[in-house]
Every structure is written in C-alpha cells, then in structure tokens.
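One-letter residues, chain by chain:
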Amino acid sequence: MSSNPRKFSIVSLGCARNLVDSEVMAGLLKQNNFDLIDEPSGADIVLVNTCGFIDAAKAESIDTILEIARLKEEGKVKKLVVAGCLSQRFSDDLARELPEVDLFIGTGEVPRIAEILRQHEADQSRRQFVGLPSYLYDDVTPRLRSTPAYSAYLKVSEGCDHKCAFCIIPQLRGPHRSRPIDSVVREAQSLGRSGVREINLIAQDLTAYGRDRKDGTTLYGLLRQLEQVPDVAWIRLLYAYPNYLDEALLNMIRESDKICSYLDIPFQHVSRAILQRMRRGKSGSAVRESVQKLRAAIPGLTLRTSLIVGFPGETAGDFQELLNFVEETQFERLGVFKYSEEEGTAAAKLENMLSPDEIEERWQEVMDLQADISRNKNQALIGSIQRVMMCGADPETQQLHGRTQAHAPEVDGVVFVPGAAGREKITLPPGAFVDVKITQALDYDLIGEINDA
C-alpha cells in the first residue's frame, strides 16, 4: 500500500449538507493514512463532491470536473473522483461522457470512500459505485471540518419524505432518517470543546427530526439537551418546515439564551394554485398564517425563506400574489430560485412552461423588491447596539467583520467593523463576541464601530 497515491484534495460544491459529507470523507481518508492538501494541483487524488439539485448547480459541477480533468491531463493530478448528488443521479451518463473521470461515487457510499479507492487501485475496471442511499454519519465518524474554527454545521438527519413536484432530493438522498439525540449531543459537546461557539443544525427537513424513529425523539427534545452544552453560545436552525413548529418549540426559541431567533423556512410560493401544482400541501392562507404565528411567537425573529419563480403554469396573477406576499411579509432574508425543469420530477411533466426570459424577469423583480426591503430593515438598525461574533478579515477588503444572530454563515450579510483593526487595546480574534454600534447600512451588510459604553 505504500506505493499508492496518498495526497488528496476535496472540492465541495452545493449546500452545507454536502459540505458535511465532504468533511466526513476527508476524515475517513485521513484515518486511512491519506494526506489532505488544500490545492487540487499536485494532489494524487482530487475528489469533487457535486451538487445536482438545479441546472445552475449541475453546470457548476460539470465545469469544476472539467477544470480538474485539465489538471489531470497536464499531469498535475493522478486520479479524479466525482462524488455526491450528480454521481448519484447521472452516473451512467457521466461515465459515458467523461472518460477522464476515474470513479463515480454516490451519496450513500461516503463511509466506503477509502475502501473504494483501495479497490480501484487493485482493479480499475469498475468506475461506478452508486447504490440506494441509506448512510447516516454519527459522532464517532471521523470528520475534518473545513469551516472556521468557531463555527460548525451539525447534520442531525438525512433524506426527505416530502413529495414536492419540483424536487429530486428524495431520489438523491433517500428517505428521511434521524440520528439519535445522544449522538448529536456528543458531537455538539466535542465541537464545543474544540472551540466552536456557533452550531448550525442542518437537515433536509429539520423540524421532522426524530419523527421517523418513533421513540419520542423530537427537535424540541434535542434542543433542550443542546442548550446544556458548555462553550457553545449560538444554536441556529436551518432548513426548517412549518409542519412541526408547535407552540412549545417556538416558546423555547423565544426564551432561550442560546437558540438564535432565526428560522429558515422554504415557503416556495404563496399562490394556492401554484402550491397545489408544487405538491406543497399548504394553501396561501396557511402560509400567511404560519408567518403570523412565527412573528407573534418570537418578537424580533429573523425569518429567511426561499421562493421559486417561473414554476409551470405560474400566471401573471400568481406572480403578483407572490410579489404582494414578499412586500407584506417583509422577510429579513430571502433567496429566490429560477425554476428549472429537472428530469424525473413530477413538475417536468407539467404543461405551460414559462420562457427563460420571463423567468429571469420575474426573478429580477423579486430580487429588486427584496433589496429595498433588506436595505430599509438595515437602516432601521442604525444607532442600535448589536452583539457580534467576529469572523476575521474580509478576504477582499481586509476589513474586520462579523455576524449577529441574524446572519447565518455564507448565505447572509455581515457586519463590517473597519476601525477595529487599528485599536491596540482591543483584541478581536475570530469567534470573539463584541458589542458593535451600527453606523451605516448597505443593502445586505451593516457597518459599525466598537461600542465603548
């Protein structure tokens, strides 16, 4: 085995859930005496962990694969491995179209990554390792985190049982399956001991956590125990659904010193007709009622959602209803997806597809509206004192910046603190908390100064 390639690099694309898979594969390879290096150029093995959710993500994955393939052709990479959702979904097609790829590994093969690489060294005739996804990591699984030392993602479940017409994820990730509470808590304790101050709980459906176990496990019960974990200051809930956001859970979020008053709930649309075509199971009035319930239960809640524009059959009236909904709801955070037809989904069989130009126009209109909403909300914060977790220097501007409870990593804005770097008496290492007085507001970011009061 000593002659086998040993240096590896991982390029992780797509969502935070995919990133955790990449971190687990890195940990498993490290455990098996492979050495992780940052730059793909010069690695014996480059593993591209792909996203295959929508057209834009697939295009990014293919572009990345081709980029690494060029490095391989130049002799700078010895082996190219493609893992993740794109492999799970299209391994047969990709194997025909991309002979330069040595291995295709599905989403369920994460725990076998080292074994598969060894097997391929001995016999290179098999290129595809894709089965039914049933894998779920736990607290003893090796993992090399790639996020900053003070912040981590913690995946509490995998897969999804929803039947949304536009979504391929249940086919890529399998049915919903939850980790035991004690496993999640042990991992959180380990993260806290290692210096993590912020834990971001992730899943395809966070609020369905534990329901599949049929032993009384719930998100409420998990959060009760996570609140007791030392060292962790913030617990953030990402990718929730309104289904199980009951009064007890909302009350706990409101009263907790650790659970961020931040919820990410993908409403997708508000038109009754479109929600029915999407198979979302809620009417527009129920969506509005959910928002009202959340706002009433948690004063100061930061509410993030994602919407889809241009779904098949979306009329001008449906779109106007969506615009009105965004205007009246005043989401603090909003992501907008342009509908893309995905092979194998129920939506791909629907009629009345919109043109790409029309979808683009609608997307831009929602984004422009949200930019105004976000800027106004940020301006309302000028003069306020915000508790900020420092994140270090911005790679482009070199200005110190951080995030409040209202800013999730990667997807939301930041708080720039330009004057902090020159203050000799104040040390602000990444992960440190400091009070910042907000002095300026941009569309999505804030600017402030250290509060001395």
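Above this text you will find the structure in question.
First, a word on what this report is: a plain description of the structure on this page.

Rules used in this analysis
- Residues numbered from 1 in each chain as written.
- Predicted model: local features only at pLDDT ≥ 70, side-chain atom pairs only at ≥ 80, totals over all residues.
- Heavy atoms only, no water.
- Helix = DSSP H or I, 4+ residues; strand = E, 2+ residues; numbered from the N terminus.
- Rg over C-alpha atoms; globule rule 2.2 N^0.38 Å.
- Buried < 20%, exposed > 50% of the residue type's maximum accessible area, 1.4 Å probe, protein only.
- Contact = heavy atoms within 4.5 Å.
- Areas by Shrake-Rupley, 256 points an atom, 1.4 Å probe, with all protein chains shown as cover.
- Lys, Arg positive; Asp, Glu negative; His and termini not counted.
- Charge placed at Lys NZ, Arg CZ, Asp CG, Glu CD.
- Pairing = 2+ DSSP bridges.
- Patch = residues over 30% accessible without salt bridge, like charges linked within 9 Å, V, L, I, M, F, W, Y side chains within 5 Å.
- Salt bridge = Lys/Arg side-chain N within 4 Å of Asp/Glu carboxyl O.
- Polar contact = N/O pair within 3.5 Å; in protein donor to acceptor, adjacent residues only side chain to side chain.

## Describing the overall build of the chain
Along its length, the chain carries 12 helices and 19 strands. The C-alpha atoms of the chain give a radius of gyration of 23 Å, which matches the 22 Å a tight globule of 453 residues would have. Taken along the three principal axes of its C-alpha coordinates, the chain extends 65 × 65 × 45 Å. When burial is assessed residue by residue, the chain has 56% of its 453 residues classed as buried. Once local pairs closer than 6 in sequence are excluded, the contacts in the chain between residues at least 24 apart make up 73%. Carbon together with sulfur atoms contributes 47% to the accessible area of the chain, which is approximately 19,700 Å² in total. Once the 53 positive and 66 negative side-chain charges of the chain are each reduced to a mean point, those two points are 5 Å apart.

## Details of the sheet that holds strand 19 (residues 446–450)
Strand order in this closed barrel of 5 strands is 15-16-17-19-18, and the pairing throughout is mixed. Here strand 18 (residues 433–441) pairs with strand 19 via 5 bridges, running antiparallel. Within strand 19, the residue paired with Ile438 across the bridge is Gly448.

## Let's talk about the side chain of Glu109
The residue Glu109 is located in the loop between strand 5 (103–105) and helix 4 (113–122) in this model. Overall, the relative accessible area of 9% leaves Glu109 in the buried class. Contacts of Glu109, omitting those with residues within four sequence positions, involve Ile116, Phe129, Val130 and Gly131.

## Considerations on a negative patch on the surface
A cluster of acidic side chains, namely Asp357, Glu361, Glu365 and Asp368, defines a negative patch on the protein surface. Relative to the helices and strands, Asp357 is located in helix 12 (residues 356–379).

## Some details on the environment of Arg127
In this fold, Arg127 is placed in the loop between helix 4 and strand 6 (128–129). For the pair Arg127 and Ile105, spaced 22 residues apart in the sequence, the C-alpha separation amounts to 8.4 Å. Arg127 has contacts with Ala95, Leu98, Pro99, Val101, Asp102, Leu103 and Phe104, leaving out every residue within four places of it along the chain. A polar side-chain atom of Arg127 sits 2.9 Å from the main-chain carbonyl oxygen of Leu98.

## Observations regarding the pattern of salt bridges
Per the counting criterion, the structure on display carries 35 salt bridges. Close ionic contact of Asp215 with Arg213 constitutes a salt bridge, the shortest N to O distance being 3.5 Å. When salt bridges with common partners are traced through the structure, they connect Asp21, Lys155, Glu158 and Arg173 into a single cluster.

## Regarding the side chain of Thr404
Within the secondary structure, Thr404 sits in the loop between strand 16 (400–403) and strand 17 (415–416). Among the polar contacts made by the side chain of Thr404, one reaches the side chain of His407 at a distance of 2.8 Å. Not counting chain neighbours up to four residues away, the residues in contact with Thr404 comprise Trp234, Arg236, Gln386, Arg387, Val388 and Val415.

## Thoughts on the pairing of strand 3 (residues 45–50)
The buried fraction of strand 3 amounts to 6 of the 6 residues, a majority that puts the element mostly inside the structure. Residues Ile45, Leu47 and Asn49 of strand 3 are buried on one face, and the alternating residues Val46, Val48 and Thr50, pointing to the opposite face, are buried as well. Sheet analysis places strand 1 (residues 7–12) next to strand 3, joined by 5 bridges and oriented parallel. The residue bridging Ser12 from the neighbouring strand is Asn49, located in strand 3.

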